[in-house]
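An overview of the molecular structure
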Amino acid sequence: MTDKTIDRQYSGLEIAVIGMAGRFPSAESVDDFWDNLVAGVEGISHFDDAELLATGVSQELLSDSRYVRSKGAFPGIEYFDAAFFGYTPADATILDPQVRALHEEVYHALEDAGYSAERRSEAIGLFLGATNNLAWETHTLRRHIEQTGVVFTGIQLNDKDFAATRIAYSLGLTGPAFTLHTACSTSLVAIDMACRNIWTGSCQIALAGGSGLTLPHKRGYLYQENLVYSPDGHCRPFDSSAGGTVEGNGVGVVVLKRLETALRDGDHIYATIKGSATNNDGNRKVGYTAPSIEGQTEVIRKAYRMAGVSPQDISYVETHGTGTALGDPIEVEALTQAFGGGEPESCGLGSVKASIGHLDTAAGVASFIKACKVVEQATAPKTLNFTEINPNVRLGPFHVVAETQPMKRKQDGTDKLKPLRAAVSAFGIGGTNAHLVIEEPPAAQQRDGMAGREFNTFCVAAASEEAVRLTKQRFVSHLRDHPEIDGADLAWTMQNRQRDLPYRYAVGFRDAADLAERLEESLDLEEPPTHEPRSTRRDVYFLFSGLGAQHLSMGRGLYNTEAVFRSHMDEGFEICASLGITEPREVFFADDDEAARKLAHIETTKVMLLLVENAMARTLIAWGLTPKGMIGHSTGELVAACVSGVFSLEDAVRLLHKRGTLLHDTPPGRMSSVKAGEDEIRPYLREGLSFAALNSPEDTTVTGTVEAVEAFERMCTEVGIDYRSVGAVNAYHSDAMN
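**Describing the overall build of the protein**
When its secondary structure is counted, the protein shows 26 helices and 26 strands. Against the compact-globule benchmark of 27 Å for 738 residues, the protein has a radius of gyration of 34 Å, which places it well outside the compact range. Over its C-alpha atoms, taken along the principal directions, the protein stretches across nearly 110 × 70 × 40 Å. When each of the 738 residues of the protein is scored for burial, the buried share is 52%. Look at the contacts in the protein between residues 6 or more apart in sequence, and 77% of them connect residues 24 or more apart. Surface accessibility of the protein: about 32,800 Å² in total, with carbon and sulfur atoms responsible for 51%. Of the charged side chains in the protein, 68 are positive and 100 negative; the average position of the first set lies 4 Å away from that of the second.

Structure, rendered in structure tokens:
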């Protein structure tokens, strides 16, 4: 099915999801998370007594028959690269572990989107939430005060409400930075808030998400009847035997950008947010912690009005789905009322909490990431632990996704299909509700123009030698899994959107398979990266050559593959044509003897060198290689002056062509580049010879009449001096030029 048969309609308010990162129970990345969902893997951990005793759970509690030894554990929560994010080891021990994890996953999400905050003009906003962690705050603050006597700095480090501003400072994010809290709906509300800040122009890119962590991260809970937690450590959303949810810990972050801008910039798009809404139940319910059918129905309807989408167009809803006796029937009833009918079983329901538990403030972003993958991959994973519908749940147009299944686009009554669409709900204790409508990403735009480069360059910048090695390993795995990756896109992103870190590695490659092989070879050979501290001065100078560098087909490959080079060459050819100078274009595109003869004419040679060297310099500058200074030899001096802005390209063409015409009328001669110093060569200079240039202590250029230079080169052969004839037909830089 081609994208042209899909009826995509955009309002201009759509937000693209261009990056995501996270860690979830039994999943150290978004890819692991999705693989587990599709495979039907339950991420909940079930601990033995030894593990729980080691984390501080009392034997008395373990002996209680109501104690459930299950939880969705936070992977890798004990690790943190403090120095990378600008913290001292002492500060890192005070920083809330979930805020440490948010630092890492915000950074990873930006990496996944192909962005770095460094050297960017766009404002990047940050909207986050985290779980209250009072025990951690109390313990670490007391210790900090005992060690330093200072309260102020300790609170800034261990209070989760400083999470967004802490990370913004660490990574240099200059957009709005908000930490918010609406209980279980926090991170979905954060996504809604991020969208609104993009719409109003407060930021051009936004990161949103949250972290949920309770300590110790390996522990169970005491089951209490009719409350939120399950009696057996399994969550069964919508099932007749549902008894509650399971606590889970994790973190998730997504990167957002206006859809039209993301398409313009060639960003990878996971999904498109069509619209979103938030509200509060107020007192329209039986108690503060209870859900409200009226409040949920209202927020869902608002989201569809905002999206300009009919609820009947939705194929899947990632629900709040806690598996509680009260919550599930109310949520489905609110959906049914908001949808206002529809064909039976026309929309699937799912809940990620069956797989990873309830992540509290991170629950919304976990559901959102799952829903984005659903529309991107056109696959709805099974809702675990579901066998029979809860008799109190009135399904209406819905069905619970009991088995992993492909998603099908809906038809609009014509031959056109509607984009695959899904929705996400999150409802917080206290009544703050959020609902988002998303759809599948647009089809990838095809590149136009001439063929790209045969080779590209893969660059890595990292904080340590070990980090470079791990990055190589991860790319090998990623490239094996995704052979369709465009090499040019990858090369551009890696060269333009990484942080300026001191350990560097670079390698040329043809395509994804070739790059994987080269990286594997580098790993096998244990090739070390180069190390350039940030304090290292890396000034760039351009050196432009003069006569002797010219040859047929010079620059042709760049012309065929580099748009910037091509545009500057074409500009030069147009200037030449306007001045009646036709030879440069003729010579550039030819390889025959006639072209070689024309190139030997000094007036053509000089203009050709000007055009090619100017285009090369402009291309390098467009790549970000801005020179601090420029120098040149002979014709190269004038090219340097032209690129520096001393005079225009047209003036340079006029000057060099006129100069070449004058030189052409001088007596015939030759030049020879000699690999020997002035003192060694001077005794061999006979009448008709002179030094054209003293390039270095061991590199000189000799010029003179044809007969004198030929005799000189024979002498060099006899005494064993290396030389190379320069392609010149006159004795340039000699007395003959006077």
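**A word on the packing of aromatic side chains**
Counted by the stated rule, this structure contains 17 aromatic pairs. Relative to Y229, the ring of Y221 has its centre 4.9 Å away and its plane inclined at 35 degrees; by these criteria the two rings are tilted. The exposure class assigned to Y221 is buried, which follows from its relative accessible area of 6%. According to the relative accessible area criterion, Y229 is partly exposed, its value standing at 28%. Seen in terms of ring centroids, Y559 and F589 are 5.3 Å apart; in terms of plane orientation they differ by 85 degrees. Their pairing is edge-to-face. Separated by 30 residues along the polypeptide, Y559 in helix α18 (residues 556–561) and F589 in the loop between α20 (583–588) and α21 (593–599) bring together distant segments of the chain. Feature note: the residues F80, F84, F85, Y87 and Y107 constitute an aromatic cluster, connected by ring pairs. Just above the ring of F84 sits the side chain of R499; from NZ or CZ to the centre is 4.9 Å.

**Some points on the sheet that holds strand β20 (residues 530–531)**
Spatial strand order, β18-β19-β20: three strands in an open sheet with antiparallel pairing. Edge strands, defined here as strands with exactly one partner in the open sheet, are β18 (456–462) and β20. Pairing analysis gives seven bridges linking β18 to strand β19 (residues 503–509), with the strands arranged antiparallel. Residue F458 lies in a different strand from β19, and its bridge partner there is V507. Packing against the sheet, helix α15 (residues 465–481) makes contact with β18 and β19, and its axis sits at approximately 135 degrees to β18. With respect to the sheet, helix α16 (residues 487–496) is in contact with β18 and β19, its orientation differing from that of β18 by roughly 35 degrees.

**Let's talk about unusual backbone geometry**
Between L215 and P216 the backbone carries a cis peptide bond, its omega angle lying at -5 degrees. In this fold, P216 is placed in the loop between β7 (205–212) and β8 (221–222). Phi at E526 takes a positive value of approximately 55 degrees, unusual for a residue other than glycine. Mapping E526 onto the fold places it in the loop between α17 (512–525) and β20. For E526, a relative accessible area of 67% corresponds to the exposed category. For S553, which is not glycine, the phi dihedral falls at a positive 70 degrees.

**A look at the packing of helix α22 (residues 602–622) against helix α23 (residues 635–644)**
Each pair of packed helices can be summarised by the angle the axes make with each other and by the distance between the axes. For the pair α22 and α23, interaxial distance at closest approach is 9 Å and the crossing angle is 45 degrees. By the angle between their directions, the pair α22 and α23 is classed as oblique. Remark: the crossing between α22 and α23 carries right-handed chirality. Side by side, α22 and α23 meet where K606, L609, L610, E613, N614, A617, R618 and I621 of the first sit next to T635, G636, V639, C642 and V643 of the second. Residues of the contact of α22 with α23, tallied by class, amount to seven nonpolar, three polar and three charged.

**Here's the deal with the sheet that holds strand β25 (residues 699–704)**
In space, the four strands of this open sheet follow the order β24-β25-β23-β26, with antiparallel pairing throughout. Two strands bound the open sheet, and with one partner strand each, they are β24 (689–696) and β26 (723–726). Going across the sheet, the axis of each strand differs from the next one's by a mean of 25 degrees, ignoring polarity. In terms of strand pairing, β24 meets β25 through six bridges, oriented antiparallel. Bridge pairing in β25 places S690 opposite T703.

**Details of the environment of D313**
Turning to its location among the elements, D313 is positioned in the loop between α11 (293–307) and β11 (316–318). Given the relative accessible area of 10%, D313 is considered buried. Separated by 167 residues in sequence, D313 and E146 have C-alpha atoms that sit 60 Å apart. Looking at D313, its side chain comes within polar contact range of the side chain of K418, at 2.5 Å. Engagement of the side chain of D313 in a polar contact is seen with the side chain of R421, the distance being 3.3 Å.

**Describing the nonpolar core**
Of all hydrophobic cores here, the largest spans 52 residues; its most connected members are V17, I191, V254, L256, I273 and F368. Counting residues per element, this core draws most heavily on helix α14 (residues 363–377), at nine residues. V17 has contacts with V254, V255, L256, H268, I269, Y270, A271, I273, F368 and C372, leaving out every residue within four places of it along the chain.

**A closer look at helix α12 (residues 327–339)**
Along its 13 residues, α12 runs 18 Å from first to last C-alpha, staying within 8% of the 18 Å computed at 1.5 Å per residue. Among the residues making up α12, those that are buried are G327, D328, P329, I330, E331, V332, E333, A334, L335, T336, A338 and F339. Of the surrounding elements, those touching the buried residues of α12 are α11, β11, β12 (347–350), β14 (398–400), β16 (421–427) and β17 (432–439). Of the residues trailing α12, G340 is marked for its positive phi of about 65 degrees.

**Things to note about the packing of α15 against α17**
Between α15 and α17, the least distance of the axes is 9 Å, while the angle of their chain directions is 145 degrees. For the element pair α15 and α17, the recorded crossing hand is left-handed. Residues R469, K472, Q473, F475, V476, L479 and R480 of α15 form the contact with α17, whose participating residues are A512, A513, L515, A516, E517, L519, E520, S522 and L523. A per-class count over the contact of α15 with α17 returns nine nonpolar, two polar and five charged.

**So, α23**
The buried fraction of α23 is high, at eight of ten residues. Here α23 has its buried residues at T635, G636, L638, V639, A640, A641, C642 and V643. On the buried face of α23, the contacting elements are β21 (541–544), α22, β22 (629–632) and α24 (649–664). Backbone geometry just downstream of α23 places G645 in the positive-phi region, at approximately 95 degrees.

Criteria and thresholds
- Residues numbered from 1 in each chain as written.
- Predicted model: local features only at pLDDT ≥ 70, side-chain atom pairs only at ≥ 80, totals over all residues.
- Heavy atoms only, no water.
- Helix = DSSP H or I, 4+ residues; strand = E, 2+ residues; numbered from the N terminus.
- Rg over C-alpha atoms; globule rule 2.2 N^0.38 Å.
- Buried < 20%, exposed > 50% of the residue type's maximum accessible area, 1.4 Å probe, protein only.
- Contact = heavy atoms within 4.5 Å.
- Areas by Shrake-Rupley, 256 points an atom, 1.4 Å probe, with all protein chains shown as cover.
- Lys, Arg positive; Asp, Glu negative; His and termini not counted.
- Charge placed at Lys NZ, Arg CZ, Asp CG, Glu CD.
- Phe/Tyr/Trp six-rings, centres within 6.5 Å; stacked < 30°, edge-to-face > 60°.
- Lys NZ or Arg CZ within 6 Å of the ring centre and 35° of its normal.
- Pairing = 2+ DSSP bridges.
- Axes fitted to C-alpha atoms, helices over the stretch in contact; angles between N-to-C directions.
- Parallel < 35°, antiparallel > 145°, perpendicular 65-115°, else oblique.
- Left-handed = near helix turned anticlockwise from the far one by under 90°.
- Nonpolar A, V, L, I, M, F, W, Y, C, P; charged D, E, K, R; others polar.
- Polar contact = N/O pair within 3.5 Å; in protein donor to acceptor, adjacent residues only side chain to side chain.
- Core = buried A, V, L, I, M, F, W, Y, C linked by side-chain atoms within 4.5 Å.
- Expected span 1.5 Å × (residues − 1).

On their own, these measurements won't tell you what the molecule is for.
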